[in-house]
Amino acid sequence: MRKIMKSGAPLLFLSVSLLVSGCGIGGEKAGTELDPPKVNYVKEGKSLDKKEKTAKTESTQKRQLFLFDSNGMVVPQVLALPKNDETAKQVLQYLVKDGPVSNMIPNGFQAVLPADTEVLSVNIKKGTATANFSKEFTEYNAKDEMKILQAITFTLTQFDNIKKVKIQIEGKNQNSMPVNNTPVGEGVSRVDGINLENGSVADITNSELVTLYFLAQTQDQTYYVPVTRRVAKEGTDKVTATIEHLIDGPSAESNLLTDFRTDVKLLSTPVVKDGVVTLNFNGAVLDNKEESMIADEVLNSIVLSLTELSEVKKVAIKVDGKSKIFTEKGKELTAPVSRPKEVNTGEF
């Protein structure tokens with residue numbers, strides 16, 4: 001097993017298997033409203049036969065839910081939900097504590113919306129989804145407010161036709177969240193960030209946000225955590241800033257991990273053309289220099305982080321100017337890598 005670094009100290013970890021090609025998560029529009037069908041759960045110790053497995057696959061669809069992990073971070077988990085024509089309303093229903101997600105949620109994770117919250121409706125117009133909740137929505141701790149808003153926003157914006165999210169309570173528009181007055185205004189989007197940290201930037205007015213994907217670990221799985229960090233606007237482009245902050249690693253107090261070596265460097269300024277960014281690293285980015293092999297966790301962190309930038313759809317990687325690089329499974333990266341279809345499926 002390789003070692004993952006946390007604040008300079010090596011930690012052993014479980015291997016992560018994740019697709020590194022294909023389109024981004026979602027790739028479809030949120031649908032219209034229908035009540036979800038009933039779900040038949042299999043008792044512990046019993047398995048589904050082939051026909052039952054096929055039927056289960058055909059009656060479910062994978063959706064990305066943003067949940068709280070044991071460190072209080074907002075983290076995506078991909079779960080198989082019953083097929084439903086009203087997908088936007090459904091994914092929010094699965095964010096409610098003690099709701100339908102209870103039998104599916106991974107160990108160490110919890111739903112984000114207060115128990116008994118009803119999702120009254122989700123109306124989508126011109127790229128903005130207005131989520132209408134019952135009065136129980138207000139029954140959360142003030143310290144969780146911003147992350148609850150982030151979880152709602154990132155869960156809904158997995159759909160192509162949703163770019164921003166607004167909040168209603170019992171049909172009344174909310175200019176801010178109800179407990180700690182976090183602004184909502186004309187809508188919140190992914191650009192506003194997730195698991196926000198200020199980093200070392202002193203001048204917030206002359207800064208911008210980048211979203212970085214680090215790793216966290218439980219006894220059951222190792223998973224990716226998005227963190228939005230403030231970086232200085234001047235002195236470097238946003239792609240370079242993202243890579244440099246990935247190399248710097250997570251903050252010491254975050255309990256997050258990284259598989260980047262501290263001596264990894266970009267040898268030239270990244271070039272973005274037609275949605276593809278080309279990166280040229282030194283040999284330190286490789287996990288095995290003799291076999292020109294890059295670790296899956298390093299590759300995935302790079303691709304997940306850079307494809308959060310609107311101008312980047314795919315990532316091409318070179319080492320010392322050469323393109324012949326291999327994954328851990330020995331597959332040559334002959335084409336630019338796009339965002340994984342599924343992140344944190346729990347299937348490790």
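Predicted model, so just to flag it, every value in this text is computed and none were measured.

S.K.: Any details on the pairing of strand 5 (residues 119–125)? Residues and values, ideally.
M.R.: When strand 5 meets strand 6 (residues 128–133), the two strands line up antiparallel, connected through six bridges. Residue pairing in the sheet places I124 in a bridge with A129 of strand 6. Two successive antiparallel strands, strand 5 and strand 6, enclose a turn made up of two residues, where K126 displays a positive phi of approximately 50 degrees.

S.K.: Outline the nonpolar core, listing residues and values.
M.R.: F137, I152, I302 and L306 are the most contacted members of the largest nonpolar core, which totals 81 residues. With six residues, helix 3 (residues 145–156) is the largest single contributor of residues to this core. Formed by six residues, the second largest nonpolar core is a distinct cluster that contains L215, Y224, L304 and V343.

S.K.: Break down unusual backbone geometry for me, with residues and values.
M.R.: Despite not being glycine, K126 has its phi angle at roughly 50 degrees, a positive value. Here K126 lies in the loop between strand 5 and strand 6. For K126, a relative accessible area of 82% gives the class exposed. In this structure, D274 is a non-glycine residue whose phi angle is positive, near 55 degrees.

S.K.: Would you mind going over the pattern of salt bridges in detail, with residue names and values included?
M.R.: Scanning all chains against the criterion turns up five salt bridges. The salt bridge involving K143 is made with D144; its shortest N-O contact spans 3.3 Å. K143 sits in the exposed class, given a relative accessible area of 68%. Across the pair D287 and R261 runs a salt bridge whose closest N-O atoms are separated by 4.0 Å. In this pair, D287 is assigned in the loop between strand 12 (276–281) and helix 5 (296–306) and R261 in the loop between helix 4 (238–248) and strand 11 (271–273), connecting sequence segments 26 residues apart. You can call R261 partly exposed: its relative accessible area is 40%.

S.K.: Could you give me a rundown of the pairing of strand 12, with the residues and numbers involved?
M.R.: By the bridge criterion, three bridges tie strand 11 to strand 12 in an arrangement that is antiparallel. Pairing of V271 across the sheet is with T278, part of strand 12. Linkage of strand 11 to strand 12, two consecutive antiparallel strands, is achieved through a turn of two residues, within which D274 is found at a positive phi near 55 degrees. Of the pairings in the sheet, the one linking strand 12 to strand 13 (residues 314–319) comprises six bridges and is parallel in character. Following the sheet pairing, L279 is matched in strand 13 by I317. The β-α-β motif built from strand 12, the intervening helix 5 and the parallel element strand 13 has right-handed crossover chirality.

S.K.: Can you lay out helix 5 for me, pointing to particular residues and giving the numbers?
M.R.: Of all eleven residues making up helix 5, eleven are buried, and the element is well covered by its neighbours. Summarising the contacts, the buried residues of helix 5 are in contact with strand 9 (207–217), strand 10 (222–232), helix 4, strand 12, strand 13 and strand 14 (337–338).

S.K.: Any details on the sheet that holds strand 6? Residues and values, ideally.
M.R.: By definition, the strands of a sheet pair up through backbone hydrogen bonds, in either a parallel or an antiparallel sense. Spatial ordering of the open sheet is given by 5-6-7-8, a layout of four strands whose pairing is mixed. Each of the sheet's edge strands pairs with one partner strand only, and the pair in question is strand 5 and strand 8 (172–174). Across this sheet, the average inter-strand angle for adjacent strands is 30 degrees, counted without regard to direction. Each of strand 6 and strand 7 (164–169) is contacted by helix 3, which is oriented at about 125 degrees to strand 7, the strand it contacts most.

What counts, and where the lines are drawn
- Residues numbered from 1 in each chain as written.
- Predicted model: local features only at pLDDT ≥ 70, side-chain atom pairs only at ≥ 80, totals over all residues.
- Heavy atoms only, no water.
- Pairing = 2+ DSSP bridges.
- Helix = DSSP H or I, 4+ residues; strand = E, 2+ residues; numbered from the N terminus.
- Core = buried A, V, L, I, M, F, W, Y, C linked by side-chain atoms within 4.5 Å.
- Buried < 20%, exposed > 50% of the residue type's maximum accessible area, 1.4 Å probe, protein only.
- Salt bridge = Lys/Arg side-chain N within 4 Å of Asp/Glu carboxyl O.
- Right-handed = clockwise from strand over helix to strand, strands pointing away.
- Contact = heavy atoms within 4.5 Å.
- Axes fitted to C-alpha atoms, helices over the stretch in contact; angles between N-to-C directions.

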